[in-house]
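# Report on the structure
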Amino acid sequence: MRIAADPYTELRNRLFEAELLFSTGVDGLYGRSDTYQGIADAVDHLMHRWGHDVGATVVHLPPLIARSTFDSTDYIRSFPDLVGSVHVFNGGDRDHVELVRRVSAGGDWPALLEPGEIVLSPAACYSLYPMCAGRLPAGGRYFEVSGYCFRHEPSTDPTRMQAFKMHEIVYVGEPDTAQRHRDDSLARGLSILTDIGLDVTATPANDPFFGRLGAALAAGQLDEGLKFEGVTAICSDDRPTAVMSANCHRDHFGAPFGIETATGAVAHSACVGFGVDRITIALLVRHGFDPSTWPGPVRARLFS
Amino acid sequence: MSEERVLRDQIRQVIDEHARLAVPIATLDDQADLFSAGMTSHASVNVMLALEDCFEVEFPESMLRKSTFQSVAAIGAALSELQSVSA
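Residues numbered from 1 in each chain as written. Chains lettered and ligands numbered in written order. Predicted model: local features only at pLDDT ≥ 70, side-chain atom pairs only at ≥ 80, totals over all residues.

For chain A, the count of helices and strands is nine helices and 14 strands. In terms of C-alpha radius of gyration, chain A reaches 21 Å, essentially the compact-globule figure of 19 Å for 304 residues. A total of 304 residues make up chain A; the buried ones form 38% of that total. Across chain A, every contact between residues at least 6 apart in sequence was considered, and the portion connecting residues at least 24 apart equals 71%. (Helix = DSSP H or I, 4+ residues; strand = E, 2+ residues; numbered from the N terminus. Rg over C-alpha atoms; globule rule 2.2 N^0.38 Å. Buried ≥ 20, exposed ≤ 12 C-beta atoms within 10 Å, placed from the backbone. Contact = placed C-beta atoms within 7 Å.)

Below you can see the structure in the form of structure tokens.
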């Protein structure tokens, strides 16, 4: 008798069996099929049209971020449990011999590596802020950024990947406009997702702060209304999955990265971020595993 | 010096070292709101850990709220409660 899996593992098994995702042997790290990637690219393109509408500068980012940039984001203070750091080999011949010996013997070879100048990027927009250092033009700037991100939270829930694609529309500039970008983006994002047949609702949200006081920090973020998510049922009606978030950062990035408005004040920023993989999986669950059978209007929005 | 006074002075010492207030703690009374005085949420984590080291206690989950660390008086009340339980 086959024992019923939890709904998360069950969905992942179905995605594996349909060869939409491929197992790498590590929870949260998957290969994508051409069909899957075609949907993900179409979702990316929806965001790209948005970026074009607001005159955003487009920046495609690598999945890695400069360590110095990472340090300035203060990420380690809030989310140490999600971090991945790149370590490299800087040794000589003798160190190399020992390295190979340890690999062969199943020993602790990573201990011989040293931190490199890069860290795995936990959010697409982080790499953007040092590029904005200095004085912004009047009215600020819009950016469209996308790239793979990493968060160390291995899970059998296929929507909770360790390596996943994020696509963001970011505003950097005046405080009022930043707040408005957050609010308008939430509405526009929900509308885009509704138009492709997803039942998405907005909910105040908090980041998963680390530690024993994490819940208290999260409560503060909720009280201040800084973060909203668009959530939709994928594996569970009771615990819907966030597929987008709209965040007001205030001066959290403007201050450490020395970004100024046209009048010399510390710039504020806000972003709307889309989890491209989560939206892709939500579409597969909602409309079926064969995109050629999806409703005409949904296909038209995504693929034409 | 009363026991309570010693406790308050120790709490003020921890706050001085870890809360990163915008103003000296000496200028604030025991009821003053530390968050309003510039203590960030993250600094409050440092204060919590330093208090646990200093007083050899562990704040239970029921006390892990911002209000527990809101003022010298609030911290004093929480510590008194913990110490009376362990005494």
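The next subject is the domain arrangement of chain A. You'll often see interface size given as the accessible area lost when the parts meet. As assigned here, chain A comprises domain 1 (7-83 + 122-303) and domain 2 (87-116). Each of domain 1 of chain A and domain 2 of chain A has a C-alpha centre, and the two are 36 Å apart. (Domains from an automatic or database assignment.)

What follows covers unusual backbone geometry. Backbone geometry at arginine 250 of chain A places phi at a positive 50 degrees, although glycine is not the residue there. Position of arginine 250 of chain A relative to the elements: it lies in strand E12 (residues 241-250). Take arginine 250 of chain A: there are 17 C-beta atoms within 10 Å of it, and that puts it in the partly exposed class. The phi angle at arginine 20 of chain B is positive, at roughly 50 degrees, despite the residue not being glycine. On the basis of neighbour counts, which here come to 14 C-beta atoms within 10 Å, the residue arginine 20 of chain B falls in the partly exposed class.

Turning to the packing of helix H2 (residues 34-53) of chain A against helix H8 (residues 276-287) of chain A, a few remarks are in order. All names here are of chain A. Following both chains from N to C, one finds H2 and H8 inclined at 120 degrees, their axes separated by 9 Å at the closest point. Crossing of H2 over H8 shows right-handed handedness. Touching Tyr36, Ile39, Ala40, Val43 and Asp44 of H2 are Val276, Asp277, Ile279, Thr280 and Leu283, all from H8. Partitioning the contact of H2 with H8 into residue classes produces seven nonpolar, one polar and two charged. (Axes fitted to C-alpha atoms, helices over the stretch in contact; angles between N-to-C directions. Left-handed = near helix turned anticlockwise from the far one by under 90°. Nonpolar A, V, L, I, M, F, W, Y, C, P; charged D, E, K, R; others polar.)

Residue and element names in this part refer to chain B. The geometry of helix H1 (residues 3-18) relative to helix H2 (residues 41-55) is characterised by a closest axis approach of 9 Å and an angle of 140 degrees between their N-to-C directions. For the element pair H1 / H2, the angle class is oblique. Viewed along their axes, H1 and H2 form a crossing whose handedness is right-handed. Between H1 and H2, the residues in contact are Gln10, Val14, Ile15, Glu17 and His18 and Ala43, Asn46, Val47, Ala50, Leu51 and Cys54, respectively. (Parallel < 35°, antiparallel > 145°, perpendicular 65-115°, else oblique.)

On to H2 of chain A, then. With 20 residues, H2 of chain A should cover 28 Å at 1.5 Å per step; its first-to-last C-alpha distance of 28 Å lies within 8% of that length. Looking one or two residues past H2 of chain A, glycine 55 of chain A carries a phi angle of roughly 70 degrees, positive in sign. (Expected span 1.5 Å × (residues − 1).)

Residue and element names in this part refer to chain A. Reading across the sheet, the seven strands line up as E3-E8-E9-E14-E12-E11-E10 and stay open at both edges, with mixed pairing between neighbours. Each edge of the open sheet is held by one strand with a lone partner, namely strand E3 (57-60) and strand E10 (201-204). Pairs of neighbouring strands in the sheet enclose a mean axial angle of 20 degrees, with direction left out of account. Summarising the sheet, E10 and strand E11 (residues 227-232) pair through four bridges and their orientation is antiparallel. Bridged to alanine 202 within E11 is glycine 230. (Pairing = 2+ DSSP bridges.)

What follows is about the nonpolar core. Among the nonpolar cores identified, the biggest contains 66 residues, and Cys125, Val170, Leu193, Ile279 and Ala282 of chain A are the most heavily contacted of them. Among residues more than four places away in sequence, those in contact with alanine 282 of chain A are Leu198, Thr232, Ile234 and Val243 of chain A. Formed by 20 residues, the second largest nonpolar core is a distinct cluster that contains Val14, Leu21, Val47 and Ala78 of chain B. (Core = buried A, V, L, I, M, F, W, Y, C linked by C-beta atoms within 7 Å.)

Attention shifts here to the pairing of strand E8 (residues 141-150) of chain A. Residues and elements named next belong to chain A. The buried count for E8 comes to seven of ten residues, which makes it a mostly enclosed element. As judged from the four bridges shared by E3 and E8, these two strands associate in the parallel manner. Bridge pairing in E8 links histidine 60 to serine 146. Strand direction decides the pairing type here: E8 and strand E9 (residues 163-173), joined by ten bridges, are antiparallel. The residue of E9 that forms the bridge with tyrosine 148 is lysine 165.

Right, let's get into the environment of proline 63 of chain A. Residues and elements named next belong to chain A. Assignment of secondary structure puts proline 63 in the loop between E3 and strand E4 (64-66). Expressed as a C-alpha distance, the spacing of proline 63 and arginine 239, which sit 176 residues apart in the sequence, is 29 Å. Those residues in contact with proline 63 that lie beyond four places of it in its chain are Leu120, Ser121, Gly147, Tyr148, Cys149 and Phe150.

Residue and element names in this part refer to chain A. The strand order across the open sheet formed by three strands is E4-E6-E5, and the pairing between neighbours is antiparallel. With partners counted over all chains shown, the strands left at the sheet margins are E4 and strand E5 (85-88), one partner each. Ignoring strand direction, the axes of neighbouring strands in this sheet form an average angle of 50 degrees. Sheet analysis places E4 next to strand E6 (residues 114-120), joined by three bridges and oriented antiparallel. Residue pairing for E6: alanine 66 is matched across the bridge by isoleucine 118.

Moving on, we get to the confidence of the model for chain B. Residues and elements named next belong to chain B. On average, residues of chain B score 90 in pLDDT, and 97% of them are at 70 or above. In the model of chain B, helix H3 (residues 72-86) stands out as the element of lowest mean pLDDT, 89, in contrast to H1, which has the highest, 92. What the predictor reports for the complex is a pTM of 0.88 with an ipTM of 0.72. (pLDDT = per-residue confidence, 0-100.)

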